[in-house]
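Chains, contacts and geometry: an overview
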Amino acid sequence: MKIFVLSVFLFVSGIVCQAQRFGILAGLNFDGSSIKYQGVGLSQKIGCKVGLYYETNLFAEDLSVNVGLMYRYREFSLRHNLDNTTGISYYFSENFIELPIVFQKTWNQFKFKPLVKAGVYSSYVFSGEIKDNESSESLKYRKGSDKFRNGVVFGAGVYLLPYLRLDADYNLSFSENHLLLGDREISLRDRGCTVSLAYVF
């Protein structure tokens with residue numbers, strides 16, 4: 001028992017004693033979500049992503065874990081074709097709070113240190129809006145759980161300076177979410193790329 005307690009203490013102490021960093025991040029989000037609804041076309045727009053993160057090494061200088069708190073905004077539009085000549089366009093926007101946990105491998109021996117990373121994220125839509133040419137209203141979902149998004153994220157980056165990092169990430173949701181458009185239901189699966197700059201303290 002004493003050996004077990006000592007092992008746990010040394011494990012936790014090892015994590016705490018590793019190098020720790022904080023950072024701020026800002027970037028552009030290029031949405032690539034897919035939709036399932038016959039007769040509807042999807043057009044994406046460029047969104048944004050900003051936030052804070054905490055990073056600590058994992059027993060080695062080149063391995064680390066990154067935990068973030070992010071705000072993400074996205075827009076997209078749907079065009080519902082009524083016949084060959086007419087249609088109705090709907091414009092959607094969503095505001096997310098996002099919590100990514102990412103593991104990172106960095107090659108520190110190079111002047112411009114490259115890195116690769118992979119992890120998971122969980123996000124929540126705290127507000128959304130749908131507009132047509134005449135009116136706007138709050139975005140509605142089939143059920144409350146459709147406001148939550150969980151998925152994987154992976155990407156690469158490079159330290160341009162010791163305190164400035166350029167990242168490119170790809171995220172993919174595990175499952176579809178369901179939006180309501182009047183009496184119709186639209187299935188949407190989140191995916192997209194983010195290009196960002198991070199300032200490391």
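Let me sum up the structure you'll find in this document. (Residues numbered from 1 in each chain as written. Predicted model: local features only at pLDDT ≥ 70, side-chain atom pairs only at ≥ 80, totals over all residues. Heavy atoms only, no water.)

**So, empty space enclosed by the protein**
The probe, sized like a water molecule, is rolled over the atoms to show the empty space still left. Following the criterion strictly, the structure yields one cavity of 30 Å³ or more and no others. Computed from the structure, the largest cavity encloses a volume of approximately 240 Å³. Lining the largest cavity are 19 residues, with K49, P100, V102, K117 and D169 sitting closest to its centre. Mapped onto the lining of the largest cavity, the elements with two or more residues apiece are β4 (46–57), β5 (63–81), β6 (87–106), β7 (114–131), β11 (164–173) and β14 (191–200). (1 Å grid on protein atoms, 1.4 Å probe; cavity = no way out; pocket = protein on both sides within 12 Å on 5 of 7 lines; lining within 4 Å. Points joined across faces, edges and corners; volume = space filled by probe spheres on them. Helix = DSSP H or I, 4+ residues; strand = E, 2+ residues; numbered from the N terminus.)

**Examining the nonpolar core**
Within the largest apolar cluster, 14 residues are counted, with the highest numbers of intra-cluster contacts made by F76, L78, F92, I130, L139, L179 and L181. Take this core: its biggest share by element is three residues, from β6. L25, Y53, A198 and V200 belong to the second largest nonpolar core, which has seven residues in total. (Core = buried A, V, L, I, M, F, W, Y, C linked by side-chain atoms within 4.5 Å. Buried < 20%, exposed > 50% of the residue type's maximum accessible area, 1.4 Å probe, protein only.)

**Some words on the pattern of salt bridges**
Within this structure, the stated rule accounts for 16 salt bridges. In this structure, E98 engages K49 in a salt bridge whose closest nitrogen and oxygen atoms are separated by 2.9 Å. Of the two residues, E98 sits in strand β6 while K49 sits in strand β4, which places them 49 residues apart along the sequence. In this structure K49 comes out as buried when scored by relative accessible area, which is 14%. In this structure, R149 engages E94 in a salt bridge whose closest nitrogen and oxygen atoms are separated by 3.2 Å. Of the two residues, R149 is situated in strand β10 (residues 148–161) and E94 in strand β6; the sequence distance between them amounts to 55 residues. With respect to class, R149 is no different from E94; both count as buried. Among the charged side chains, a salt-bridge network with shared partners connects R21, E55, K117, R165, D167 and D169. (Salt bridge = Lys/Arg side-chain N within 4 Å of Asp/Glu carboxyl O.)

**Re the environment of R142**
Among the structural elements, R142 can be located in the loop between β9 (140–141) and β10. Here the alpha-carbon distance between R142 and I186, two residues 44 residues apart in the chain, equals 9.2 Å. Among residues more than four places away in sequence, those in contact with R142 are H178, L180 and E185. (Contact = heavy atoms within 4.5 Å.)

**Side note on the side chain of N29**
Among the secondary structure elements, N29 is positioned in strand β1 (residues 20–31). Within the structure, the side chain of N29 is placed 3.0 Å from the side chain of T194, a separation counted as a polar contact. (Polar contact = N/O pair within 3.5 Å; in protein donor to acceptor, adjacent residues only side chain to side chain.)

**What to know about the side chain of N95**
Relative to the helices and strands, N95 is located in strand β6. Within the structure, the side chain of N95 is placed 2.5 Å from the side chain of Y71, a separation counted as a polar contact. At 2.9 Å, the side chain of N95 and the side chain of S127 are in polar contact. In contact with N95, not counting residues within four places along its chain, are Y71, R72, Y73, Y124, V125, F126 and S127.

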